[in-house]
Amino acid sequence: MEHEHMEAGKVKKESAWTRQINIYKGYKRDMIANWELYVFLLVPTVWLLVFRYMPMYGVQIAFKDYTIELGIWGSPWIGLGQFTRFFNSPIFWRLIRNTLVLSLYNLFAVFPIPIILALALHSARFYPYKKFVQMSTYLPYFISEIVLVGMLLVALHPRVGFYGVVYNQITGNYPRDLMSSASAFPHLFVWSGAWQTIGFNSIIFLAALSAVDPELHEAAVVDGATRFQRIKNIDIPAIIPTVIILLILRVGHIMSIGFEKAFLMQNDLNRMTSEIISTYVYQIGLVTGVGNFSFAAAIGFFDSIINLILLVLVNEIARKVSDTSLW
């Protein structure tokens, strides 16, 4: 009996080994048959390795008192000292508040707009109008952040800008400078970004809506369903998985709202609301002249850890609630 068990275990082990070999051979055949696709995959893979994974080697300076003379390995290890310094700094809560305000404002106010636009375009019947709206909302995405901020500076100038001239013609007075207003900064930042990205973001939802079977709409029309009822009961359920996935990804970047536009729109008068984590890291690491790279790296690493925690948490909630998740 013992001999039979040993033979059975050996056969089971050999069969598992055989399956692994067959899987490997299948992958090899697939790579040979589709080698062109793997060549295309090589470029983004190299980009990820060079710009995403190799820099992780330098993350250790967040736990050291880094100096250029001693280098990364020679600098003394101080553990969580840089993180403690950041948590105890007077600007800590202001950075967290500003970053969260901009991120959550953008999430709740702007995230639904591309969905609404995609649903409206999908249900539109006049094709030339549909293509005109789609193209006119898509084009601003190709405007760079520098040009966009320049457009804001010109249009909102209190004396010679469009806003200033119209305000002066109506009231006889010149308005306050919105670009230097701390209270106006979040609105300008979020809604200018919405104007720039609404068309591009709607393309993903339009692609998801294109997979809806037209026969469902035809059957709904026969049953007397209105256009709103068809959108509510056919189109929206079809894009819910896409919405959930994009929402998870958006929450995973909630602490990384971006650097370029915030830095370009920032000045001494609106710094109370425009100073976010990414701009502060730049100021501490490069602009101050001190070269406090360890402190800047610790702040950036803290930012990434919070994003990772939020990504995992929201993904787990989505998986339990809707059975749709990233993993």
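Our subject is the structure that appears above.
For clarity, every value in this text was computed on a predicted model and none was experimentally measured.

**Student:** In this structure, what is going on with the overall build of the chain? I would like to understand it.
**Tutor:** When you go through the chain residue by residue, the secondary structure sums to 16 helices and 0 strands. Computed over C-alpha atoms, the radius of gyration of the chain comes to 27 Å, more than 25% over the 20 Å expected from 2.2 N^0.38 for 327 residues, which places it beyond the range of a compact globule. Each principal axis of the C-alpha distribution contributes one length, and for the chain these read about 100 × 75 × 40 Å. Taken over 327 residues, the chain has a buried fraction of 34%. Within the chain, contacts between residues at least 6 apart in sequence are counted, and of these 63% link residues at least 24 apart. In the chain, 25 positive and 21 negative side-chain charges are present, and the distance between their average locations comes to 5 Å.

**Student:** Which parts of the structure should I look at to understand the nonpolar core?
**Tutor:** Soluble globular proteins tend to bury their nonpolar side chains together. Ranked by size, the top nonpolar core spans 18 residues in total, and within it Phe86 and Tyr280 carry the most contacts. Among the elements that take part in this core, helix 16 (residues 293-322) stands out by supplying 5 residues, more than any other. Not counting residues within four places of it along the chain, the set of residues in contact with Phe86 comprises Phe92, Leu95, Phe295, Ile299 and Phe302. Ranked by size, the runner-up nonpolar core spans 17 residues in total, among them Leu117, Leu121, Ile198 and Leu206.

**Student:** What's the story with the environment of Leu139 in this structure? I'm lost.
**Tutor:** Assignment of secondary structure puts Leu139 in the loop between helix 7 (127-138) and helix 8 (145-155). With 44 residues separating them in the primary sequence, Leu139 and Leu95 have C-alpha atoms 33 Å apart.

**Student:** Sorry if this is basic, but what is going on with the packing of aromatic side chains here?
**Tutor:** Here the distance between the centres and the angle between the planes together describe a pair of aromatic rings. In total, this model carries 25 aromatic pairs according to the counting rule given. Their ring planes at 70° and their centres at 5.4 Å tell us that Phe87 and Phe302 sit as a pair that is edge-to-face. Of this pair, Phe87 sits in helix 4 (residues 81-88) while Phe302 sits in helix 16, placing them 215 residues apart in sequence. A relative accessible area of 37% places Phe87 in the partly exposed class.

**Student:** What's the story with the environment of Thr84 in this structure? I'm lost.
**Tutor:** Structurally, the position occupied by Thr84 is in helix 4. On the basis of relative accessibility, which here comes to 39%, the residue Thr84 falls in the partly exposed class. Between the C-alpha atom of Thr84 and that of Ala220, which follows or precedes it by 136 residues, the distance is 61 Å.

**Student:** Help me out: how do you make sense of the pattern of salt bridges in this one?
**Tutor:** Going through the model one piece at a time under the given rule, you end up with 4 salt bridges. Across the pair Arg271 and Asp268 runs a salt bridge whose closest N-O atoms are separated by 3.1 Å. With relative accessibility at 66%, the residue Asp268 sits in the exposed group. For Lys320, the salt bridge goes to Glu316, with nearest N and O atoms at 3.9 Å. In this pair, Lys320 and Glu316 both sit in helix 16, 4 residues apart, roughly one turn of the helix. Several salt bridges share partner residues, and in doing so they unite Asp268, Arg271 and Glu275 into one network.

**Student:** Where do I start with helix 7 in this structure?
**Tutor:** The end-to-end C-alpha distance of helix 7 is 16 Å, a good match for the 16 Å that 12 residues give at a rise of 1.5 Å each. If you check which residues of helix 7 are buried, you get Lys130, Val133 and Thr137. On an axial view of helix 7, the arc spanned by its buried residues comes to 70°, and they lie on one face. Among the exposed residues of helix 7, those pointing more than 90 degrees away from its buried face are Tyr127 and Phe132. Buried-residue contacts for helix 7 involve helix 6 (112-123) and helix 10 (185-209).

Reading guide: rules and limits
- Residues numbered from 1 in each chain as written.
- Predicted model: local features only at pLDDT ≥ 70, side-chain atom pairs only at ≥ 80, totals over all residues.
- Heavy atoms only, no water.
- Helix = DSSP H or I, 4+ residues; strand = E, 2+ residues; numbered from the N terminus.
- Rg over C-alpha atoms; globule rule 2.2 N^0.38 Å.
- Buried < 20%, exposed > 50% of the residue type's maximum accessible area, 1.4 Å probe, protein only.
- Contact = heavy atoms within 4.5 Å.
- Lys, Arg positive; Asp, Glu negative; His and termini not counted.
- Charge placed at Lys NZ, Arg CZ, Asp CG, Glu CD.
- Core = buried A, V, L, I, M, F, W, Y, C linked by side-chain atoms within 4.5 Å.
- Phe/Tyr/Trp six-rings, centres within 6.5 Å; stacked < 30°, edge-to-face > 60°.
- Salt bridge = Lys/Arg side-chain N within 4 Å of Asp/Glu carboxyl O.
- Expected span 1.5 Å × (residues − 1).
- Arc of directions from axis to C-beta.

Function cannot be inferred from these measures alone, as they are strictly geometric.
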